[in-house]
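Read off the chains here:
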Amino acid sequence: MQISDNGIALILKWEDFHRKVITDHIGIKTVGIGHTTTAKNMKLGQMISPDKVWQLFVSDMDTVYKVIDNTVKVKLTQNEFDAVCSFIFNVGGGNFSKSTMLKLINSDAPKTDIARQFLRWTRAGGKVAPGLERRRQDEADLFLNKKIFV
């Protein structure tokens with residue numbers, strides 16, 4: 001399974017498109033669409049091409065797919081998959097792999113119980129971030145088929 005246009009629209013709603021290496025609001029160097037790995041080895045202000053931005057995004061999504069393939073043991077709907085992709089893209093595969101959310105997904109818990117788990121992940125740099133609260137609500141709403149982004 002791959003992320004749909006709707007899932008990509010959700011990610012792009014919350015992740016800016018930066019051709020230039022920046023420092024995000026908690027001090028992490030970022031480039032492209034929320035990409036951190038390459039940015040660590042680059043200088044602030046260094047530029048990449050628009051094609052490189054999309055190459056990094058595709059590579060990051062491949063990593064997200066591998067996490068899902070290796071951890072999720074039940075079938076997800078497209079909207080559930082898209083919401084989980086956005087979540088993993090933001091918090092990382094390691095955090096997802098150890099999460100209560102994953103345990104609930106794999107135990108086929110009620111969808112509302114799983115959706116509530118998104119709302120627990122709202123801190124950045126140790127502080128509640130209003131942007132993350134809104135992103136997690138969007139992810140929970142998509143998981144529950146309550147919202148479309150394209």
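All of the points below concern the structure found in this document. Here the structure is a predicted model, which means the values were calculated and not measured. (Residues numbered from 1 in each chain as written. Predicted model: local features only at pLDDT ≥ 70, side-chain atom pairs only at ≥ 80, totals over all residues. Heavy atoms only, no water.)

Now for the overall build of the chain. Looking only at helices and strands, one finds 7 helices and 4 strands in the chain. When the elements of the chain are put in sequence order from the N terminus, they spell out α-β-β-α-α-α-α-α-β-β-α. Relative to its length of 150 residues, the chain is compact, with a C-alpha radius of gyration of 15 Å against a globular reference of 15 Å. Each of the three principal axes of the chain carries a C-alpha extent, and together these read 45 × 35 × 30 Å. (Helix = DSSP H or I, 4+ residues; strand = E, 2+ residues; numbered from the N terminus. Rg over C-alpha atoms; globule rule 2.2 N^0.38 Å.)

Turning our eyes to something else, we now look at a nonpolar patch on the surface. Taken together, Leu12, Phe17 and Trp54 make up a surface patch of nonpolar side chains, about 260 Å² in accessible area. Tracing the sequence through the fold places Phe17 in strand E1 (residues 17-23). (Patch = residues over 30% accessible without salt bridge, like charges linked within 9 Å, V, L, I, M, F, W, Y side chains within 5 Å. Areas by Shrake-Rupley, 256 points an atom, 1.4 Å probe, with all protein chains shown as cover. Salt bridge = Lys/Arg side-chain N within 4 Å of Asp/Glu carboxyl O.)

On to the nonpolar core. Formed by 41 residues in total, the largest nonpolar core has its most connected members in Met61, Ile68, Val84, Cys85, Phe96, Ile105 and Phe118. Taken together, the elements giving at least two residues each to this core come down to helix H1 (5-14), strand E2 (29-33), helix H2 (50-71), helix H3 (78-91), helix H5 (100-106), helix H6 (111-118) and helix H7 (130-143). Apart from residues no more than four positions distant in its own chain, Met61 is found in contact with Ile3, Ile11, Cys85 and Phe89. (Core = buried A, V, L, I, M, F, W, Y, C linked by side-chain atoms within 4.5 Å. Buried < 20%, exposed > 50% of the residue type's maximum accessible area, 1.4 Å probe, protein only. Contact = heavy atoms within 4.5 Å.)

Once that is clear, we can look at the pattern of salt bridges. Counted by the stated rule, this structure contains 7 salt bridges. One salt bridge connects Arg135 with Glu139, and the closest N-O pair in it is separated by 3.2 Å. In this pair, Arg135 and Glu139 both sit in helix H7, 4 residues apart, roughly one turn of the helix. Glu139 matches Arg135 in its accessibility class, with the two residues each being buried. The partner of Glu139 in a salt bridge is Arg136, with the nearest N and O atoms 2.9 Å apart. Taken as a pair, Glu139 and Arg136 lie in helix H7 at a separation of 3 residues, close to a single helical turn. For the pair shown, Glu139 and Arg136 are each scored as buried.

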